[in-house]
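Here is how the chains run, residue by residue.
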Amino acid sequence: MKITAAEPHYLITFGMIGLFLAIMIAVLYATNRKSTSFSDYAVGGRSYGPWYIAMSYTNSWWPGATFTAFFSLSVSGVIGFYGAVYSTLGVTAMYLMARRAWKWGQHFNLTTQPDLLGMRFNSPAVKRVASIIGIICVFPWVVMGIQALALLVEFASFGRWGVTTCLIAGVMLILVRQYWTVSMGMRGLIMTDMYQGIIAYGLGALVCVVLLFGGDHGFGQLATLPPAMLQIPGAEGSHYGPWYMFSLIFTGVIGSMCWPMSFQRIYTASGIRAVKKGTLLTILLVGGFYAILMLFATAVSQDPNVQANPQNGFFTALFDQGGPWLLALALVIVLAASIGHVDGCVQVCGTQFANDLATWNKPRSDRQLTVLAKSGMVVFIVAAALLAYFTFNYSRLQLLAQISYQGIIQLAVPLFFGIFSRFGNKQGALMGMMTGIIIAIVLTVFFPDDIPALGSLTSGIVGLAGNVAVFVVCGLLIPVDDKEKARVEALFALADGVKAPVAKPLLN
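All values derive from a computational prediction rather than experimental measurement.

Student: It is not clear to me how the overall build of the protein chain should be interpreted in this structure. Could you clarify?
Tutor: Counting its regular elements, the protein chain contains 20 helices and zero strands. For 508 residues, the compact-globule estimate of 2.2 N^0.38 gives 23 Å, and the protein chain sits close to it at 23 Å. Overall size of the protein chain, expressed as C-alpha extent along the three principal axes, is 75 × 55 × 40 Å. Looking at the protein chain residue by residue over its 508 residues, the buried ones come to 60%. If you sum the accessible surface of the protein chain, you get close to 19000 Å²; carbon and sulfur atoms cover 68% of it.

Student: Help me out: how do you make sense of the packing of helix α9 (residues 186–214) against helix α14 (residues 313–357) in this one?
Tutor: Geometrically, a packed helix pair is captured by the angle between its two axes and the distance between the axes. Relative to each other, α9 and α14 sit at 155 degrees, their axes nearing to 9 Å. In this view, α9 runs roughly antiparallel relative to α14, as classed from their interaxial angle. Note on packing geometry: the crossing formed by α9 with α14 is left-handed. By residue class, the composition of the contact of α9 with α14 is 18 nonpolar, six polar and two charged.

Student: It is not clear to me how unusual backbone geometry should be interpreted in this structure. Could you clarify?
Tutor: Note: most residues except glycine have negative phi, and most peptide bonds are trans. Despite not being glycine, Asn-109 has its phi angle at roughly 55 degrees, a positive value. Note that Asn-109 resides in the loop between α5 (82–108) and α6 (113–120). Relative accessible area serves as the criterion here: at 43%, Asn-109 is assigned to the partly exposed category. The phi torsion at Asn-122 lies on the positive side, around 55 degrees, for a residue other than glycine. The topology assignment puts Asn-122 in the loop between α6 and α7 (124–156). Note on Asn-122: relative accessible area 16%, which makes it buried.

Student: What am I meant to see in α14 here?
Tutor: The periodicity of an α-helix, 3.6 residues per turn, causes residues three or four positions apart to be oriented the same way. The end-to-end C-alpha separation of α14 is 41 Å, well short of the 66 Å expected for 45 residues at 1.5 Å each. Where α14 bends most, at Gly-323, the angle is about 140 degrees, and the proline Pro-324 comes one to four residues later. Among the 45 residues of α14, 39 are classified as buried, and the element is accordingly described as predominantly covered.

Student: Would you explain the side chain of Asn-59 in this entry?
Tutor: Tracing the chain through its elements places Asn-59 in helix α3 (residues 50–61). A relative accessible area of 0% means that Asn-59 is categorised as buried. Leave out the neighbours within four places in its chain, and Asn-59 touches Asp-193, Gln-196, Gly-197, Tyr-201, Ala-336, Ala-337, Gly-340 and His-341.

Student: Looking at this model, I keep getting lost on the confidence of the model for the protein chain. Mind explaining?
Tutor: The predicted coordinates ought not to be read in detail in places where the model reports low pLDDT. When the pLDDT values of the protein chain are averaged, the result is 84; 91% of them are 70 or greater. Taken element by element, the protein chain is modelled with least confidence in helix α16 (residues 397–408), mean pLDDT 72, and with most confidence in helix α19 (residues 459–477), mean pLDDT 96.

Student: Help me understand the packing of aromatic side chains, please; the structure alone is not making it clear to me.
Tutor: One pair of aromatic rings is described through two measures. These are the centre distance and the angle between the planes. Inspection of every chain in the model, using the stated rule, returns 34 aromatic pairs. For the ring pair Trp-243 and Phe-246, a centre distance of 5.4 Å and an interplane angle of 80 degrees mean the geometry is edge-to-face. With relative accessibility at 44%, the residue Trp-243 sits in the partly exposed group. For the pair Trp-259 and Tyr-405, a centre-to-centre distance of 5.1 Å together with 90 degrees between the ring planes defines the contact as edge-to-face. On the criterion of sequence distance, the pair formed by Trp-259 in the loop between α10 (244–255) and α11 (260–268) and Tyr-405 in helix α16 is long-range, its members being 146 residues apart. Given a relative accessible area of 6%, Tyr-405 falls into the buried group.

Student: In this structure, what is going on with the side chain of Lys-127? I would like to understand it.
Tutor: When you line up the elements, Lys-127 lands in helix α7. Classification of Lys-127 as buried rests on a relative accessible area of 3%. Polar side-chain contacts of Lys-127 include one of 3.5 Å to the backbone oxygen of Asn-355.

Student: What's the story with the nonpolar core in this structure? I'm lost.
Tutor: Taken as a class, soluble globular proteins show a tendency for nonpolar side chains to be buried jointly. By size, the foremost hydrophobic cluster in this structure holds 157 residues, and its most contacted members are Trp-104, Leu-116, Val-142, Phe-263, Phe-296 and Phe-314. Element by element, the count of residues in this core is highest for α14, at 24 residues. When residues no more than four places from it in sequence are discounted, the contact partners of Phe-314 are Phe-67, Phe-71, Cys-208, Leu-293, Phe-296, Ala-330 and Val-334.

Student: What am I meant to see in the pattern of salt bridges here?
Tutor: Where charged atoms of side chains with opposite charge meet at close range, the side chains can pair. If you walk through the whole model with that rule in mind, you get five salt bridges. Residue Lys-127 pairs with Asp-115 through a salt bridge whose shortest N-O separation is 3.2 Å. Remark: Asp-115 occurs in helix α6 and Lys-127 occurs in helix α7; sequence separation between them is 12 residues. Of the two residues examined, Lys-127 and Asp-115, each falls in the buried class. In this structure, Arg-422 engages Glu-489 in a salt bridge whose closest nitrogen and oxygen atoms are separated by 3.2 Å. Taken together, the residues Arg-422 in the loop between α17 (412–420) and α18 (426–446) and Glu-489 in helix α20 (residues 482–495) connect sequence positions 67 residues apart. Judged by its relative accessible area of 42%, Glu-489 is partly exposed.

Conventions we followed
- Residues numbered from 1 in each chain as written.
- Predicted model: local features only at pLDDT ≥ 70, side-chain atom pairs only at ≥ 80, totals over all residues.
- Heavy atoms only, no water.
- Helix = DSSP H or I, 4+ residues; strand = E, 2+ residues; numbered from the N terminus.
- Rg over C-alpha atoms; globule rule 2.2 N^0.38 Å.
- Buried < 20%, exposed > 50% of the residue type's maximum accessible area, 1.4 Å probe, protein only.
- Areas by Shrake-Rupley, 256 points an atom, 1.4 Å probe, with all protein chains shown as cover.
- Axes fitted to C-alpha atoms, helices over the stretch in contact; angles between N-to-C directions.
- Parallel < 35°, antiparallel > 145°, perpendicular 65-115°, else oblique.
- Left-handed = near helix turned anticlockwise from the far one by under 90°.
- Nonpolar A, V, L, I, M, F, W, Y, C, P; charged D, E, K, R; others polar.
- Expected span 1.5 Å × (residues − 1).
- Bend = angle between axes of the 7 residues up to and from the residue.
- Contact = heavy atoms within 4.5 Å.
- pLDDT = per-residue confidence, 0-100.
- Phe/Tyr/Trp six-rings, centres within 6.5 Å; stacked < 30°, edge-to-face > 60°.
- Polar contact = N/O pair within 3.5 Å; in protein donor to acceptor, adjacent residues only side chain to side chain.
- Core = buried A, V, L, I, M, F, W, Y, C linked by side-chain atoms within 4.5 Å.
- Salt bridge = Lys/Arg side-chain N within 4 Å of Asp/Glu carboxyl O.

Given below as structure tokens:
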């Protein structure tokens, strides 16, 4: 921690944080509406327009760790910009999936991504395996979100609080917000996502633009960058192989709609048109904000204070250029992003636990489902807080994000085949996901970053190849009976607006 300041500056930093939280709570109470069912609690009554969808998606996409772990990537070189590529390309999948995913969601009252997979392949086992994979892969992002909050508190205290104190304070911040996430469900989440998104991505981008044009480390610094910063992994002289950048971008594009919290945004929309308009707005928000932030990170990369600890670079740069007031603004920006992202992760994991896992061969009432979802959220956030403490000083936080992608992309095979084609069966969906996730986990143990012998392909890509192979082989060798073929045909007819009876799938 390089920042030092006099005692009165505590009032500025913690005062700004307190003001932000007070306004957030006011927004929650001003927009509060009691849920009438578990579906209403989980997806907000499918009632939100394009701007709400876009801001909620962005809040579920870029966490507070974007300002720490990903910021440090661009301090070290242009590799940091890979996020802008995969995020903008990946969001287009939401546009392409909109019609069938939303129509099926409305017709069958689906509330989660695994719900859709279970319905499409008529298999409760597919639903549960997909839900377990999703929850496991979301978990590291909650850990990083809590660590970002702890780092935020450390800066707000100007380095005078210890790691344990900062983590406890960070967890308390998120727990305060979780009270309303747990009690209000998706409705409370969507409304505050708009407020938090304006602060995190609107104000955050504006601050970066102002400093790029008028700060000590503006656009002029980009012309004096050392040549090594302009090389991407896999280039001549790099210890990475030629397939490393492909792996990062491909897993990002494929995995973008596999994240449960992102996919669930489709179900909250008021209609197909709202999803598609929201997607176009999301591309601008997600890609535009990230590109601006990474430009700023690159511009300040030669600052000795930033280089001393790149993961603290955003806070350090703003303090150096604007003192405690600009630091306080940086803290609020990161807090808004962290709370919004952690909220989305915790909400969707609690919902999946109740809807997909706790209903094993036993139907639950709306009240029971809601209680189970709330209980799952509490357990999830406590477990993440403990892991956040033990990995607080881990030097490559972005690697946690990259590893989680190796697992989540295993959902892409049944998801994309299931939505865009009639090919496949439940055996292929189930065995493919299990094959892919096992390969990804085993290889990640030995090669957490890349696999040198395969030209720096990542473990997830190898797992995905096995996943596809198993899915296709099962689809070709295991016949589907006429009744199942008719059910799938009726599903696609329903999504395409053709009137046809649709057989009820196995919901549990």
